Amino acid sequence: MSDVLRLDGGGDTLLVGVREGRPSIDYWGPALPNGSVADPRLIERAVSHGMLDHGEVFSLFPESGWGFTATPALQVSRPDGRFITQMTSQGVRQFAGGIELALADNRAGVEVTIRIDMDAATGVVGFRTVLRNADPEPLRVDWISPVALSAPDGDILGFGGRWAREFSSHRFRLASGLWASEARTGRTSHHAPPFLVAGEAGFDEHDGEVLGLHLAWSGDHRMLVERLRDGRIQVQAGELFWPGEIILGTNETHQTPTLYAARASDGLNGLSARLHPFVRDQILSGRLRKKPRPVHFNTWEAVYFRHDLAELKALADRAAEAGAERFVLDDGWFRGRNDDTAALGDWTPDSAKYPDDLTPLIDHVRGLGLEFGLWVEPEMANADSDLLRAHPDWILGEPGRVQPLGRGQYVLDLTRPEVSENLFAQLDTLLAANAIGYLKWDMNRDLTHSASGGRPASHAQTLAVYALIDRLRAAHPGVEIESCASGGGRADYEILRRTDRIWTSDCNDPIERQSIQQAFSIFFPPEVMGAHVGPADSHTTARTATLDLRAMTVLFGHMGIEADVRAFSPEEFEALRAAIDQHKRLRPLLHSGRLVRQTPADPGAIAFAVVGEGEALASLAQIETPRIGAAAPFRVVGLEADVTYEVRLINPPRRPRASMKQIPALVRGETLQATGQWIGQMGLPMPILRAGEIAVFHLTRNPA
């Protein structure tokens, strides 16, 4: 008996077949004609000698018990030694936009329900699995991936990095064996974020079959790519459990995070063209659409821990004059907080810095027409804090163990109701007593002793964080929240469901930011990407950058300022104000359009475009010294081919003759006209850019 179930969405068709009791993906690609079902003999594979008689029994949920000799989707065991499972289909259920597959092994006492949802608009597919223990004996779960997917045999694009250098991409080909990326830090991490792309050999931004995976989970995780013995490539992703962390009693269940997957035939830009609207409408539930993202002013790199009310008011005055719409008071505002070694956990204003609480500053900020925001780090506490002096046992960990500190702090055990209740009460009181419209929610250390009550608790801690944020949002629905974890250390679709912005990196150096934002943009749309104009001298890289490069780089995200604007020269300040005005005019395009990463002729440059209906903004930043003397035309792909655009360089070079003897008309500031087809094929005349310079073009439909 066989069943073939069909899902359609975003111009794609997904066929799931169930044969011999096991499910598999028969087809996933461009939409098939209605009623089209593949002959099952078309997916048969020859079996070579030297293998089991049925070959590598790869399915949507492969098990070792059926003869799958690579990494199975499920690894479980019982105290009596049983570990083999051989599940078979117990039925399928199809509903609008989705499929449920029930599998069970009665002898093993294991049941699995796989849910597959395909978004009708974008074709993004979500896979989620529930495991149930139907046996009297406890079931220990060592690994469960929602599903295993077959990937194109070619290149893998993985992502890594470090603090202040997040979302670094690396490409490789898996000749044999297993590649895995793991994070045991209790967050998505800086070094192993939970996403990857697998594609045909040589895929790029514009061409090639690609499969993108994103595990929506903010805790420990593992992603793996493995070449099977018959040559196929499998990919899996799931939570990474500590030994004995998940043990299910009779009838208890465990639900995996959702693994989101999307495919495209037109490279990484095609993948983003599916993922960005999916995030906007499904992950964010449309709440940011038609809601302008306020331009931030963040106090951190202007004052650090030095909080003086008069100085902060002066900064707010200057920020408002520059065009900021939200003033975020960063770390250092709560009692006893003069550096990062003390006071974390005591969420009341420091009376020495704020003798009348935050009210005078908030009133001043709001009187300028700015919204007021506040930095918090609720999941952590310093040893030197009233909270831990009163409750030393509230630390996440094993009693009596010495924990390595991170930024002088411990992790609080949010799995204990009294701890979460205390944190909620502190934050609820703070929000109820003050006109605070925004929280920058930070997390500045890795989890190292993820234990509570003598058991591993990384999974439960992650769920407790979600629950605390959900409770606060329910109590204060008008408050927006930013996900920050020493920069981009907690960036995934599940945290984004309950937040409104991701702080992409603590590095505001625009040279570094260009590549950070390029990789981030594969999976996330621009309006959730926190990006700030920092000081001329970067405090993370010690590199000096022009205001033009700093401002034009952050133009393409959720824009903000994180510098002492009082120290800007009059010329710099006017340029900043002009850039913010430009961003506000372009927000409707930037935060709803289609982002298309470009491939400039010079590999030392990074280029983007955001394309809307009859309008586009394109940027090319020269990151390294150009390898050729003359500037190649900037071919902007992704425009509407038949539309005639008026093209303007919005930031003409201030001293053009310093690098050019002859200056093209477009570079001189003249407006030119060309069709989208011409621009994509022949390109736009470019200024000669030196390392650290940028050119940004605004294209609008010719009204004639």
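Peer 1: Would you take a moment to explain the pattern of salt bridges for this structure?
Peer 2: Where charged atoms from two side chains of opposite charge come close, those side chains can pair. Taken as a whole and assessed by the stated rule, the structure comprises 62 salt bridges. Arg-306 is the partner of Glu-311 in a salt bridge, and the nearest nitrogen-oxygen pair spans 2.7 Å. For Arg-306, a relative accessible area of 46% translates into the label partly exposed.

Peer 1: Help me understand the pairing of strand β17 (residues 233-239) in this model?
Peer 2: Each regular strand shows side chains that alternate between the opposite faces of the sheet. Within β17, 7 of the 7 residues are buried, which leaves the element mostly enclosed by the surrounding structure. In this structure, strand β10 (residues 149-151) lies alongside β17, joined through 3 bridges in antiparallel fashion. Bridging across to β17, Leu-149 finds its partner in Val-235. Looking at chain direction, strand β16 (residues 221-227) and β17 are connected through 7 bridges and run antiparallel. Residue pairing for β17: Glu-226 is matched across the bridge by Gln-234. Between β16 and β17, which follow one another and run antiparallel, lie 5 residues, and Gly-231 among them has a positive phi close to 100 degrees.

Peer 1: Can you walk me through the side chain of Glu-494 in this structure?
Peer 2: Take Glu-494: it is sitting in helix α8 (residues 493-497). On the basis of relative accessibility, which here comes to 15%, the residue Glu-494 falls in the buried class. Glu-494 has contacts with Ala-216, Trp-217, Ser-218 and Tyr-466, leaving out every residue within four places of it along the chain.

Peer 1: When you look at the packing of aromatic side chains in this model, what are you seeing that I'm missing?
Peer 2: Aromatic ring pairs: the centre-centre distance and the angle between the two ring planes describe each pair. Under the definition given, this model contains 24 aromatic pairs. The interplanar angle of 20 degrees and the centroid separation of 6.3 Å between the aromatic rings of Phe-167 and Phe-195 together place this pair among those described as stacked. Placement of the pair is Phe-167 in strand β12 (residues 165-172) and Phe-195 in strand β14 (residues 195-200), with a sequence separation of 28 residues. Here Phe-167 falls in the buried class, since its relative accessible area comes to 3%. Judged by centre distance (4.6 Å) and plane angle (55 degrees), the rings of Phe-334 and Trp-347 are tilted. Placement of the pair is Phe-334 in the loop between β22 (326-329) and α4 (359-367) and Trp-347 in the loop between β22 and α4, with a sequence separation of 13 residues. By relative accessible area, which is 0% here, Phe-334 ends up buried. Each member of the aromatic cluster is reached from another via a ring pair, and the members are Phe-159, Phe-167, Phe-195, Tyr-260, Phe-278, Tyr-493, Phe-520, Phe-523 and Phe-524. Directly above the ring of Phe-203 sits Arg-171, whose terminal nitrogen or CZ lies 4.1 Å from the centroid.

Peer 1: Any chance you could explain the sheet that holds β16 here in plain terms?
Peer 2: Sheet strands line up and pair through hydrogen bonds in the backbone, either parallel or antiparallel. Here 4 strands make up an open sheet; going across it, the order is β10-β17-β16-β13 and the pairing antiparallel. Since the sheet does not close on itself, it has two edges, and those belong to β10 and β13 (178-183), each with one partner. On average, each strand axis in the sheet is inclined to that of its neighbour by 20 degrees, with strand direction left out of account.

What counts and what doesn't
- Residues numbered from 1 in each chain as written.
- Predicted model: local features only at pLDDT ≥ 70, side-chain atom pairs only at ≥ 80, totals over all residues.
- Heavy atoms only, no water.
- Salt bridge = Lys/Arg side-chain N within 4 Å of Asp/Glu carboxyl O.
- Buried < 20%, exposed > 50% of the residue type's maximum accessible area, 1.4 Å probe, protein only.
- Helix = DSSP H or I, 4+ residues; strand = E, 2+ residues; numbered from the N terminus.
- Pairing = 2+ DSSP bridges.
- Contact = heavy atoms within 4.5 Å.
- Phe/Tyr/Trp six-rings, centres within 6.5 Å; stacked < 30°, edge-to-face > 60°.
- Lys NZ or Arg CZ within 6 Å of the ring centre and 35° of its normal.
- Axes fitted to C-alpha atoms, helices over the stretch in contact; angles between N-to-C directions.

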